[in-house]
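Coordinates in review
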Amino acid sequence: MIRGNWTEWPSREALSREGVTRARRMLARTVRVVVVAVLVWTAVTQRDISDQALILAPVLLIACVAAAWAFFRTTLEHRLWPSLGLLAFLVAVAVLAQWAGFIGPAIVLWCGCAVSALERLPLAASVPATAVALTGFAVVNDDAWLTTAVVAIGLCLSGYVLRLDAEARGSAQRALAQERAARAAEAESAALAERSRIAREIHDVLAHSLSAQLVHLEAARLLIERGADRDQILERVVAARGMARDGLDETRQALSALRGEMTPLEDFLRELVASSDGATLTVGGGRRPLSVEASQTVRRVAQEALTNVRKHAPGAKTDIRLDYGSGEVALEVRDSGASRPHEELTVSGGGYGLLGMKERAELLGGTLEVGPYEEGFVVKLKVPV
């Protein structure tokens with residue numbers, strides 16, 4: 001509800017019972033039962049009441065209970081005219097009760113209508129309705145005018161306090177719903193991010209492994225077409241098999257990384273260098289802990305760079321340097337160019353490995369630069385620690 005806007009309804013959360021504690025619900029039900037019991041007792045024990053009025057009393061009581069329930073529903077649905085109609089019916093019953101001599105029940109109805117109107121209707125409608133109800137109460141009540149005025153003011157304050165309390169509860173319910181929605185969206189976003197991460201890991205492992213196998217199988221095909229001897233062809237087939245075995249190992253490593261079980265980055269690079277001919281590794285700076293994503297990015301870029309060297313510059317010397325700088329880790333892979341080029345192999349492949357690595361680095365706020373360097377090629381990666 002916007003303060004000062006007389007035409008605004010209390011929110012649906014404020015008008016509903018949602019968020020009401022069990023103790024408050026039990027208290028409200030107890031109060032209603034007590035009020036109905038008092039009305040019945042007053043009607044039964046009151047003297048000087050005609051037989052017709054006594055017969056009419058139960059009917060009016062049932063009608064009042066039904067009208068009060070309907071008033072709760074129509075105000076919950078923000079239906080103004082039906083709500084005003086039901087309130088007018090309750091006021092009319094109060095007038096009829098007063099005419100029949102049931103002064104006590106009439107006073108209860110006047111007061112109940114005044115408080116309920118302030119609590120559940122827009123202020124522009126509730127203020128006139130409350131004024132009418134309190135006027136009826138003042139006419140029926142035979143106390144001193146000061147007492148009547150104090151009671152009327154107290155009823156107005158009670159109704160408005162109930163309105164503010166309900167609106168505060170409604171605001172708390174809306175805030176809770178928004179928080180739950182935000183948590184659900186955050187969980188969904190985290191799940192999507194995790195799926196994307198797993199997809200990148202699977203893609204990188206398969207792309208690296210299958211690309212390396214493709215190089216050796218393509219070489220075996222060329223050797224077969226040229227009529228090469230059996231040992232040369234077998235060497236390439238065995239190498240492809242080794243790449244397949246390495247691919248399985250990398251898949252296990254990727255799964256271990258997803259579980260948070262990773263070997264140190266330097267050890268991984270040393271193993272990678274040991275399996276590559278003509279490659280050397282230099283580590284600079286003090287070792288720093290890296291996030292799983294940053295460590296995986298460095299590993300994948302190193303693998304991709306060495307695969308490209310074997311594919312496009314076979315026999316080249318490769319220098320790998322890992323530097324731990326201030327707030328970032330840098331990887332540089334530099335080759336000297338092909339020493340025994342195979343033109344057929346250099347044009348094969350043409351995948352998007354480095355492009356995928358660049359996207360992976362940018363997701364972490366890093367950079368990846370690739371390009372020619374002297375006679376060879378250089379790959380430079382920087383990711384924040």
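In this section: the pattern of salt bridges. All chains considered together, the criterion is met by nine salt bridges. Linking E77 and R79 is a salt bridge whose minimum nitrogen-to-oxygen distance equals 3.2 Å. Of the residues examined, E77 reaches a relative accessible area of 35% and is grouped as partly exposed. Three or more residues joined by partner-sharing salt bridges are found here, namely E13, E167 and R174.

To continue, consider a nonpolar patch on the surface. A cluster of nonpolar side chains, namely L56, V59, L96 and W99, defines an oily patch on the protein surface of about 430 Å² accessible area. Contributing elements (two or more residues each) for the nonpolar patch: α3 (51-76) and α4 (80-100). Judged by relative accessible area, L96 falls into the partly exposed class, the value being 31%.

The next thing to look at is the nonpolar core. Core analysis: the biggest nonpolar cluster contains 32 residues, and L87, W110, C113 and L121 have the highest contact counts within it. Listed by contribution, the elements that provide at least two residues to this core are α3, α4, α5 (103-120), α6 (123-140) and α7 (145-226). Per-element tally for this core: the top contributor is α5, with eight residues. Dropping the residues within four chain positions of it, L121 is found in contact with W9, P10, F71, T75, L80, S83, L84, L87, S116, S126 and R163. Counting 24 residues, the second-largest nonpolar core is a separate cluster that includes L306, V329, V379 and L381.

To continue, consider helix α9 (residues 265-274). For α9, every residue scored as buried is listed here: L265, E266, F268, L269, L272 and V273. The buried side chains of α9 occupy one side of the element, clustering within an arc of 160° when seen end-on. Opposite the buried face of α9, at more than 90 degrees from it, the exposed residues are E271 and A274.

Now for the packing of α4 against α6. Following both chains from N to C, one finds α4 and α6 inclined at 5°, their axes separated by 11 Å at the closest point. When the axes of α4 and α6 are compared, the pair comes out roughly parallel. Listed contacts from α6 to L80, L84, L87, V91 and Q98 of α4 are A125, A129, V132, V139 and V140. Partitioned by chemical class, the residues of the contact of α4 with α6 number nine nonpolar, one polar and no charged.

Take unusual backbone geometry next. The residue H78 is not glycine, and still its phi comes out positive at about 60°. Among the structural elements, H78 can be located in the loop between α3 and α4. The exposure class assigned to H78 is partly exposed, which follows from its relative accessible area of 26%.

The next thing to look at is the state of the cysteines. Going through the model one piece at a time under the given rule, you end up with zero disulfides. Distance from the sulfur of C111, which forms no disulfide, to the nearest cysteine sulfur (C113) is 9.4 Å.

As a further point, take the packing of aromatic side chains. Per the stated rule, a full pass over the model turns up zero aromatic pairs. Here the basic side chain of R299 rests over the ring of F268, its NZ or CZ set 5.0 Å away from the ring centre.

A separate point is the confidence of the model for the protein chain. For the protein chain, mean pLDDT is 79; residues scoring 70 or higher make up 84% of the total. Note that residues 341-352 has pLDDT below 50 and, in this model, 15 contacts with residues that lie over four places away or in other chains.

Another point: the environment of G325. One can find G325 in the loop between β2 (318-324) and β3 (328-335). For G325, a relative accessible area of 25% translates into the label partly exposed. Spatially, the C-alpha atoms of G325 and P384 are 9.3 Å apart, while their sequence positions differ by 59 residues.

Conventions used here
- Residues numbered from 1 in each chain as written.
- Predicted model: local features only at pLDDT ≥ 70, side-chain atom pairs only at ≥ 80, totals over all residues.
- Heavy atoms only, no water.
- Salt bridge = Lys/Arg side-chain N within 4 Å of Asp/Glu carboxyl O.
- Buried < 20%, exposed > 50% of the residue type's maximum accessible area, 1.4 Å probe, protein only.
- Patch = residues over 30% accessible without salt bridge, like charges linked within 9 Å, V, L, I, M, F, W, Y side chains within 5 Å.
- Areas by Shrake-Rupley, 256 points an atom, 1.4 Å probe, with all protein chains shown as cover.
- Helix = DSSP H or I, 4+ residues; strand = E, 2+ residues; numbered from the N terminus.
- Core = buried A, V, L, I, M, F, W, Y, C linked by side-chain atoms within 4.5 Å.
- Contact = heavy atoms within 4.5 Å.
- Arc of directions from axis to C-beta.
- Axes fitted to C-alpha atoms, helices over the stretch in contact; angles between N-to-C directions.
- Parallel < 35°, antiparallel > 145°, perpendicular 65-115°, else oblique.
- Nonpolar A, V, L, I, M, F, W, Y, C, P; charged D, E, K, R; others polar.
- Disulfide = S-S within 2.5 Å.
- Phe/Tyr/Trp six-rings, centres within 6.5 Å; stacked < 30°, edge-to-face > 60°.
- Lys NZ or Arg CZ within 6 Å of the ring centre and 35° of its normal.
- pLDDT = per-residue confidence, 0-100.

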